[in-house]
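Chain and residue survey
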Amino acid sequence: MMVFLLTTGCTDDKTPQKQEKEAEEFLEQLETTKNETLESQVENEKAIIEHQLFIMEKLDIAGGKFVVGKEVKDDEAKHLAEKYAEQMKKEYPNLSVVITIIRDGKEITSVELD
């Protein structure tokens, strides 16, 4: 009798169909849009070793993370962050934009535009 009470007390009142629908809705919010033009521009930046861009219109955010080489000075990194944040904001004016620059595993600058 005690085992029965413990298992019934811990059950979730959500049906599997409701849980699946909630999961699908959550995943839809995480969908990202590609911008091939912007991707190409970033790939051609010599200072940027690695990058990740994201445009999540359903969450009203866009941005990216750029990893730069050790030789990249702070002011150059700041310029790159500002350049791409402004460009993304022009293309996606209704989204909040964040560009973060990483060097040697540490964030050195970040630009946010609302």
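Our structure is the block above this text.
Residues numbered from 1 in each chain as written. Predicted model: local features only at pLDDT ≥ 70, side-chain atom pairs only at ≥ 80, totals over all residues. Heavy atoms only, no water.

1. Observations regarding the sheet that holds strand β2 (residues 61–68)
What counts here: Strand pairing is defined by DSSP finding a minimum of two bridges between the two strands. Working definition: helices are DSSP H or I runs of at least four residues, strands are E runs of at least two. Numbering for both runs from the N terminus. Lines fitted to C-alpha atoms define the axes here, with helix axes fitted over just the stretch in contact, and angles between the N-to-C directions of these axes take values from 0 to 180 degrees. What makes two residues a contact is simply this: any of their non-hydrogen atoms within 4.5 Å.
Read from one edge of the open sheet, four strands run β1-β2-β3-β4, paired in mixed fashion. Looking along the sheet, the strands with just one partner apiece sit at the ends: β1 (48–56) and β4 (106–113). Here the average twist between neighbouring strands, direction ignored, is 10°. With seven bridges connecting them, β2 and strand β3 (residues 96–103) associate as parallel partners. The residue bridging alanine 62 from the neighbouring strand is valine 97, located in β3. Across the sheet, helix α3 (residues 36–43) lies against β1 and β2, angled at about 160° from β1, the strand it touches most. Helix α4 (residues 74–91) rests against β1, β2, β3 and β4 of the sheet, and its axis sits at about 30° to β4.

2. A closer look at the pairing of β1
In this sheet, β2 lies alongside β1 in antiparallel orientation, the contact comprising eight bridges. Bridging from a neighbouring strand, isoleucine 48 pairs with valine 68 of β2. Counting the residues between successive antiparallel strands, the hairpin from β1 to β2 contains four residues, one of them, aspartate 60, with a positive phi of roughly 60°.

3. Concerning the packing of aromatic side chains
Put simply, the test is: When two rings of Phe, Tyr or Trp (its six-membered ring) have centres within 6.5 Å they constitute a pair, described as stacked for plane angles under 30 degrees, edge-to-face for angles over 60, and tilted for the intermediate range. For the exposure calls, accessible area comes from a 1.4 Å probe over protein chains only, and a residue counts as buried if that area is under 20% of its type's maximum, exposed if over 50%, partly exposed in between.
For the coordinates displayed, the defined rule picks out one aromatic pair. A ring pair is formed by phenylalanine 66 and tyrosine 84, whose centres lie 5.6 Å apart and whose planes are at 90°; its orientation type is edge-to-face. Separated by 18 residues along the polypeptide, phenylalanine 66 in strand β2 and tyrosine 84 in helix α4 bring together distant segments of the chain. Exposure remark for phenylalanine 66: the relative accessible area of 0% places this residue in the buried category. In this structure tyrosine 84 comes out as buried when scored by relative accessible area, which is 1%.

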